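Structural overview for review
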Amino acid sequence: MYETWEELEKSIVNCQKCKLCKTRQNIVFGVGNKNATVMFIGEGPGADEDRLGEPFVGRAGKLMNMAFEAIGLKREDVYIVNIVKCRPPANRNPEDDEAFACLDYLRNQVILVKPKIIVLLGSVALKNILGKEYGITASRGKWFEKKGIHYMPTWHPAALLRDETKKIDFIKDLKLVMDKLKV
Ligand code: URA
Ligand code: SF4
């Protein structure tokens, strides 16, 4: 574990801990407020993120930004990160060995940010953070607490692009997060 962002960021440059290093253009480290109260964890970079080096800048990200606006959350106030920091080819799910290799960076980011709340965006984030036994359909919209951090699983923003009805759930879940921030 690194005690500073500088050391952590230096440690990931040229990372070759998993096979995703072979096909990436950019490592997508994370973005936002390094002292955020709320952290969002996605799955892995898509094509736009790989090209630009920033998480959630493509279609799913734009939708997420609109949801943030709707509930009064500012993108620059939260910290946004993914389970894997290099793009899986053809946007497939990250494989277990890739997630395992990359999770140390994420753990270190969580320790440095010290969020009160972590929003888990979709099944990949949920299973890698809380455990394989959790399913997104049953878990979304519910609070889970682990080591003093409150977790809120919800749909992945890309799922909202495929199924409009999930937008209502997504906003509802984010509102629960906003309510918890007030207490
Ligand atoms: N989907 C993700 O899970 N993360 C991104 O950064 C973009 C799309
Ligand atoms: Fe390293 Fe993570 Fe990229 Fe794999 S996905 S090469 S572990 S930064």
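1. Observations regarding the packing of aromatic side chains
- What the rule picks out here adds up to 4 aromatic pairs.
- Between the aromatic rings of F40 and F68, the centroid separation amounts to 4.9 Å while the plane-to-plane angle is 55 degrees, which identifies the pairing as tilted. A residue pair is termed long-range when its members are at least 10 positions apart, and F40 in strand 2 (residues 38-42) and F68 in helix 3 (residues 59-71) qualify at 28 residues.
- Judged by centre distance (5.3 Å) and plane angle (90 degrees), the ring pair of Y134 and F144 falls under edge-to-face. One end of the pair, Y134, is in the loop between helix 5 (123-129) and helix 6 (136-139); the other, F144, is in strand 5 (residues 144-146), with 10 residues separating them in the sequence.
- In this structure Y134 comes out as partly exposed when scored by relative accessible area, which is 24%.
- Here the aromatic residues W5, F29 and Y79 are joined through ring pairs into a cluster of three or more.
- The ring of W155 carries the charged tip of K166 above its face, separated from the ring centre by 4.6 Å.
- Note that K180 overlies the ring of W143, its terminal NZ or CZ placed 4.7 Å from the centroid.

2. Quick word on the environment of K146
- You can see K146 is positioned in strand 5.
- Along the sequence, K146 and P55 sit 91 residues apart, while their C-alpha atoms lie 25 Å from each other.
- Ignoring anything within four residues of it in the chain, the contact list for K146 reads I129, L130 and Y151.
- A distance of 3.1 Å separates the side chain of K146 from the backbone oxygen of I129, its partner in a polar contact.

3. Observations concerning the site of ligand 2
- Neighbouring ligand 2 are C15, K17, C18, C21, R24, K85, C86, A101 and C102.
- Of the pockets mapped on this structure, ligand 2 occupies the largest cavity.

4. What to know about the pattern of salt bridges
- Applying the stated rule across the entire model yields 15 salt bridges.
- Between E95 and K19 there is a salt bridge; the shortest N-O distance is 2.9 Å. Pair noted here: E95 is in the loop between strand 3 (79-82) and helix 4 (96-113) and K19 is in the loop between helix 1 (5-12) and strand 1 (31-32), with a separation of 76 residues, a long-range link.
- On the basis of relative accessible area, K19 is assigned to the partly exposed category, the value being 33%.
- Salt-bridge contacts for K166 lead to D163; the nearest nitrogen and oxygen are separated by 3.5 Å.
- Look at D163 and you get partly exposed, because its relative accessible area is 26%.

The rules behind each value
- Residues numbered from 1 in each chain as written.
- Chains lettered and ligands numbered in written order.
- Predicted model: local features only at pLDDT ≥ 70, side-chain atom pairs only at ≥ 80, totals over all residues.
- Heavy atoms only, no water.
- Phe/Tyr/Trp six-rings, centres within 6.5 Å; stacked < 30°, edge-to-face > 60°.
- Helix = DSSP H or I, 4+ residues; strand = E, 2+ residues; numbered from the N terminus.
- Buried < 20%, exposed > 50% of the residue type's maximum accessible area, 1.4 Å probe, protein only.
- Lys NZ or Arg CZ within 6 Å of the ring centre and 35° of its normal.
- Contact = heavy atoms within 4.5 Å.
- Polar contact = N/O pair within 3.5 Å; in protein donor to acceptor, adjacent residues only side chain to side chain.
- Near = heavy atom within 4 Å.
- 1 Å grid on protein atoms, 1.4 Å probe; cavity = no way out; pocket = protein on both sides within 12 Å on 5 of 7 lines; lining within 4 Å.
- Sits in = over half its atoms within 2 Å of the grid points.
- Salt bridge = Lys/Arg side-chain N within 4 Å of Asp/Glu carboxyl O.

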